[in-house]
Amino acid sequence: MKALVTRSIRQISLLVLLVSLLLSIVLPGCSPAARPAATDNKSAAATTFAVTAGIPRFKIATTTSLYDTGLWNYLEPMFEKKANVRLDIVYAGTGAALEYGKRGDVDAVVVHDPEAEAQFMADGYGINKRSFAFNHFLIAGPAADPAGIKGLTPDQAFKKIYEGGIADPTRVKFISRGDSSGTQAKEKLIWQAAGYTYTDVEKAGPWYVEAGKGMGPCLLMANEQQAYLLADISTFLAYKGKVTIVPLVEQGALFLNVYDVMAINPAKIKTAKMLPTANAFINWLMSDEVQNMLATYGVAEYGRSLFTPLKGGGCTEPGCPKLEDYTTPVK
Amino acid sequence: MQELWEGLVQAVQLIVRLDPEVVEISLRSLYVSAAAILIAALFCVPAGGMIHFHEFRGKKVLINVIQTFYSIPTVVVGLFVFLFISRAGPLGGLELLFTPGAIIIGQVILILPILTGMIISALNGVDKSIKDTALSMGASGSQAIWTIIGEARFAVVGALILGFGRAISEVGAAMMLGGNIRGYTRVLTTAISLETQRGDLVLSLALGIILISIAMVVSVIVNVLLQRY
């Protein structure tokens with residue numbers, strides 16, 4: 001029995017040793033942002049973390065439509081090298097991205113909902129807003145086009161989908177993002193233009209499906225259910241090989257989709273400490289380096305660029321940002 | 001169903017090739033969840049022991065409450081921790097949100113109840129007479145307690161493996177608290193979630209197979225060690 005006791009004591013002390021060892025690994029990992037003293041810690045784990053400990057982490061929240069296209073995979077290393085920071089990219093719908101900004105959890109936001117952005121700026125959360133790219137939305141759906149929307153204007157098309165869905169929800173379905181994303185905001189605008197009140201559309205019947213997912217998952221879902229949906233052209237192209245639904249409506253003033261970037265205002269959010277980096281980031285997005293890259297991003301794979309850079313003046317529709325909004329550097 | 005086979009093939013390829021990104025994500029998953037289970041064990045083994053060895057009013061109720069929290073949804077844990085560690089929250093000054101440390105905290109809270117509850121059950125499984133025997137042979141009170149924990153070690157380790165499994169397989173807290181940042185807080189489950197939403201089902205499946213393989217390796221190693229000591 002005595003042997004048993006000593007043995008279990010030995011086991012326990014082994015466990016405690018192991019745990020304290022692991023704790024020494026965890027703790028530096030917990031607050032990598034500010035730990036200059038980590039260099040005098042000789043443990044192997046600490047040194048692996050020390051490599052990144054000196055480099056500040058710059059956090060941004062970006063919309064899913066930009067993330068799902070893979071664009072940030074290209075941009076991330078470029079900016080990290082240029083600004084000597086770690087660029088941490090969190091993806092969320094525009095609504096959630098702005099919420100992260102309001103809470104001070106990110107240093108900049110990249111979004112595409114003009115109305116929500118205007119509110120964000122007016123409330124003082126955002127500062128130094130600039131635009132850097134645009135493209136268009138489209139309405140995609142099954143090639144058979146059961147609602148007969150091909151070639152219509154966006155609002156006429158929505159009207160047809162509504163009527164078709166009411167008549168036979170097994171044939172005509174519409175997938176809505178159902179989150180507070182920029183795409184969802186655009187969808188609401190088109191329903192309004194078509195003469196409907198959005199809250200009525202939400203309750204209009206089983207043909208209207210609120211997915212509550214990002215752009216990519218919604219495309220896959222619409223494909224599974226052979227449903228219509230509103231999508232940005234970049235995500236649609238990036239998923240083209242994976243879906244059989246086709247673009248049906250591509251023309252319309254309502255379809256303009258402008259991507260904006262804003263820094264979080266330190267005057268309003270006391271914890272925002274990265275304004276200089278955020279400014280550098282905004283200016284960099286407007287720089288020739290990025291703008292030229294945007295013009296070619298996706299051409300090899302999809303036959304056309306996923307985003308159109310604003311520089312070069314291609315955006316001439318009503319609703320396009322003013323020249324100074326994408327050329328004047330922020331300070 | 002073709003995808004299942006392709007997923008298996010790709011998983012084997014990724015493991016054999018030691019794809020750097022997959023290795024990095026896998027190690028992070030392992031590290032985060034191992035840290036979570038060890039920190040949780042620091043609380044739960046003593047807490048489970050104290051609850052088991054002491055008789056007090058409301059003991060049954062407490063155990064019921066603990067068992068209720070077995071089924072706490074991971075996203076609720078994520079949301080709860082989010083509100084605390086977001087910059088606007090009471091612990092915002094620690095700047096923990098969207099770091100691996102945040103995921104560890106979430107997973108610790110997630111597995112606290114299950115680990116405590118399972119340890120109480122493990123100790124219940126030990127014959128009561130062992131404590132008396134130990135005491136009668138001159139062991140002090142705490143020595144007797146350690147003896148019983150030693151006797152229950154298989155069940156205790158089983159509880160630890162279960163907790164580890166819950167931690168490494170959860171996605172809600174890791175997504176909400178870590179933010180799935182590439183090269184920083186991306187773990188296997190959040191990577192699977194992302195690749196699924198990108199429509200790359202084969203890669204998702206391969207990552208899932210890798211996750212299961214890691215869990216298998218961990219449980220085999222732990223069991224071998226347990227047999228030896």
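Residues numbered from 1 in each chain as written. Chains lettered and ligands numbered in written order. Predicted model: local features only at pLDDT ≥ 70, side-chain atom pairs only at ≥ 80, totals over all residues. Heavy atoms only, no water.

So, on to the overall build of chain B. In terms of regular secondary structure, chain B is built from 11 helices and 0 strands. Along chain B, from the amino end to the carboxyl end, the secondary structure elements read α-α-α-α-α-α-α-α-α-α-α. In chain B, buried positions account for 49% of the 229 residues. Put simply, of all contacts in chain B between residues at least 6 apart along the chain, 75% involve residues at least 24 apart. When the accessible area of chain B is evaluated, it comes to approximately 10700 Å², of which 70% is carbon and sulfur surface. (Helix = DSSP H or I, 4+ residues; strand = E, 2+ residues; numbered from the N terminus. Buried < 20%, exposed > 50% of the residue type's maximum accessible area, 1.4 Å probe, protein only. Contact = heavy atoms within 4.5 Å. Areas by Shrake-Rupley, 256 points an atom, 1.4 Å probe, with all protein chains shown as cover.)

Residue and element names in this part refer to chain A. Across the 11 residues that make up helix 10 (residues 215-225), a large majority, 9, are buried. All of the buried residues along helix 10 are Met215, Gly216, Pro217, Cys218, Leu219, Leu220, Met221, Ala222 and Asn223. Once helix 10 ends, the next one or two residues include Gln226, with phi positive near 50 degrees.

Glancing now at the state of the cysteines. Residue and element names in this part refer to chain A. For the structure shown, the criterion picks out 1 disulfide over all chains. Through a disulfide, Cys315 is tied to Cys320; the S-S separation comes to 1.8 Å. Between Cys315 and Cys320 the sulfur-sulfur dihedral comes to about -75 degrees; the bridge is accordingly left-handed. This pair shows no difference in class: Cys315 is buried, exactly as Cys320 is. (Disulfide = S-S within 2.5 Å.)

Residues Met216(B), Val217(B), Val220(B), Ile221(B), Val224(B), Leu225(B) and Tyr229(B) make up a contiguous nonpolar surface patch of about 650 Å² in total accessible area. Checked against the element boundaries, Val224(B) lands in helix 11 (residues 201-228). (Patch = residues over 30% accessible without salt bridge, like charges linked within 9 Å, V, L, I, M, F, W, Y side chains within 5 Å. Salt bridge = Lys/Arg side-chain N within 4 Å of Asp/Glu carboxyl O.)

A few words on the side chain of Asn180(B). Relative to the assigned elements, Asn180(B) resides in the loop between helix 9 (172-178) and helix 10 (188-197). For Asn180(B), a relative accessible area of 0% corresponds to the buried category. Here the side chain of Asn180(B) touches Thr190(B) through a polar contact of 3.0 Å, side chain to side chain. Setting aside anything within four residues of it in sequence, one finds Asn180(B) in contact with Tyr67(A), Ile89(A), Tyr91(A), Ala174(B), Met175(B), Thr185(B), Arg186(B), Thr190(B), Ala191(B) and Leu194(B). (Polar contact = N/O pair within 3.5 Å; in protein donor to acceptor, adjacent residues only side chain to side chain.)

Interface size is commonly expressed as the accessible area that is lost once the parts come together. All names here are of chain A. By the assigned domains, chain A splits into domain 1 (57-135 + 256-327) and domain 2 (137-255). For domain 1 and domain 2, the distance between their C-alpha centres works out to 26 Å. Contacts between the two partners involve 19 residues from domain 1 and, on the opposite side, 24 residues from domain 2. Summing both sides of the interface, domain 1 and domain 2 together bury roughly 1500 Å²; the carbon and sulfur share of this comes to 55%. Ranking the residues of domain 1 by area buried against domain 2 places Asp68, Leu256 and Tyr302 at the top, with a combined share of 29%. Remark: the boundary between domain 1 and domain 2 carries 0 salt bridges. Here domain 1 is connected to domain 2 by 10 residue pairs in polar contact (both at pLDDT 80 or more). Of all the secondary structure elements, the ones that give two or more residues to the side of domain 1 that touches domain 2 are helix 3 (64-67), helix 5 (94-102) and strand 9 (256-264). Of the residues contributing to the side of domain 1 that touches domain 2, the split by class is 6 nonpolar, 9 polar and 4 charged. (Domains from an automatic or database assignment. Buried area = accessible area lost by both parts, 1.4 Å probe. Nonpolar A, V, L, I, M, F, W, Y, C, P; charged D, E, K, R; others polar.)

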